[in-house]
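Chain and residue survey
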Amino acid sequence: QVQLVESGGGLVQAGGSLRLSCAASGRSLYTYAVGWFRQAPGKEHEFVCFISASGDSTSADSVKGRFTISRDNAKNTVYLQMNSLKAEDTAVYYCAARPISGSFHYTNYNYWGQGTQVTVSS
């Protein structure tokens, strides 16, 4: 079992930055891919980015150039650095883990965190 806990969300003005953390316990994330998804009110889960166990990453077009995913296996934590935030980035952000390779589809992940709210004021 892998337990995931997100943190770092909050209220920020448009153009600002936040760094989200996804801390894992129970097992090492070393062999897991970790994805970030977000869900705005009344909408489906939206893919944001993922990082594979090897360190390769992929991001949605909507966040490319603004969001960066990274991992620190020694700390068993994955980070999402979010810069140049926009009002449309407002959502609950979730991290999720699955073995080895990432996926664009949230249903393909085995473990989920509880989410952290990000609110961007315009």
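Preceding this section is the structure that the text describes.
Position numbers for residues count from 1 along each chain, tracking the sequence in the order it is written. With the structure being a predicted model, the display of local features is reserved for residues of pLDDT at least 70 and the display and counting of side-chain atom pairs for 80 or more, all residues being used for whole-chain, interface and lining totals. As a rule here, side-chain values come from all non-hydrogen atoms in the structure, and water together with hydrogens is ignored.

1. Things to note about the state of the cysteines
By convention in this document, the label disulfide applies to cysteine sulfur atom pairs within 2.5 Å. As enumerated under the stated definition, the model contains one disulfide in all. The cysteine Cys 49 is free of any disulfide, with Cys 95 supplying the nearest cysteine sulfur at 11 Å.

2. Observations concerning the side chain of Arg 71
For Arg 71, the position within the fold is in strand β7 (residues 67–72). Three exposure classes are used, based on accessible area relative to the maximum for each residue type with a 1.4 Å probe and protein chains only: buried under 20%, partly exposed in between, and exposed over 50%. Note that His is not counted, nor are the chain ends; the positive residues are Lys and Arg, and the negative ones are Asp and Glu. The rule for a salt bridge is simple: a side-chain nitrogen of Lys or Arg has to be within 4 Å of a carboxyl oxygen of Asp or Glu. For the buried residue Arg 71, which engages in no salt bridge, the nearest side chain bearing the opposite charge is Asp 72, 8.5 Å off. At a separation of 3.0 Å, a polar atom in the side chain of Arg 71 contacts the side chain of Asn 73. Labels follow the DSSP assignment, with helices taken as runs of H or I lasting at least four residues and strands as runs of E lasting at least two, numbered in each case from the N terminus. In the analysis that follows, any N or O atom pair within 3.5 Å is treated as a polar contact, provided that within protein one partner can donate a hydrogen and the other can accept it, and provided that, for residues neighboring in sequence, both atoms belong to side chains.

3. Points about the packing of aromatic side chains
Centre distance within 6.5 Å is the pairing criterion for rings of Phe, Tyr and Trp, where only the six-membered ring of Trp is used; planes under 30 degrees apart are then read as stacked, over 60 as edge-to-face, and the remainder as tilted. Summed over all chains, the structure comprises ten aromatic pairs. Judged by centre distance (6.4 Å) and plane angle (70°), the ring pair of Tyr 109 and Trp 112 falls under edge-to-face. Three or more aromatic residues joined by ring pairs make a cluster, and in this case those are Phe 37, Phe 47, Phe 50, Tyr 94, Phe 104, Tyr 106, Tyr 109 and Trp 112. Here the guanidinium or amino end of Arg 98 rests over the ring plane of Tyr 109, the centre of that ring lying 5.9 Å away. Geometrically, a lysine NZ or arginine CZ counts as sitting over a ring once it is within 6 Å of the ring centre and also within 35 degrees of the ring normal.

4. Description of the pairing of β7
The alternating pattern of β7 places Phe 67, Ile 69 and Arg 71 on a buried face and Thr 68, Ser 70 and Asp 72 on a face that is not buried. Two strands make a pair as long as DSSP finds a minimum of two bridges between them. What sits between the antiparallel neighbours β7 and strand β8 (residues 77–82) is a turn of four residues, in which Asn 76 has the positive phi angle 55°.

5. Concerning the sheet that holds β8
Spatial ordering of the open sheet is given by β1-β3-β8-β7, a layout of four strands whose pairing is antiparallel. Two strands bound the open sheet, and with one partner strand each, they are β1 (3–7) and β7. Across the sheet, the axes of successive neighbouring strands diverge by a mean angle of 15°, strand direction being ignored. In the sheet, strand β3 (residues 18–25) pairs with β8 via six bridges, with the strands oriented antiparallel. By the bridge assignment for β8, Leu 20 is matched with Leu 80. An axis is simply a line fitted to the C-alpha atoms; with a helix, the fit covers only the stretch in contact. Between two such axes, the angle follows the N-to-C directions and lies from 0 to 180 degrees.

6. Concerning unusual backbone geometry
Not every positive phi belongs to a glycine, and Ser 84 is a case in point at roughly 50°. Looking at the element boundaries, Ser 84 is found in the loop between β8 and β9 (91–99). Judged by relative accessible area, which is 41%, Ser 84 ranks as partly exposed.

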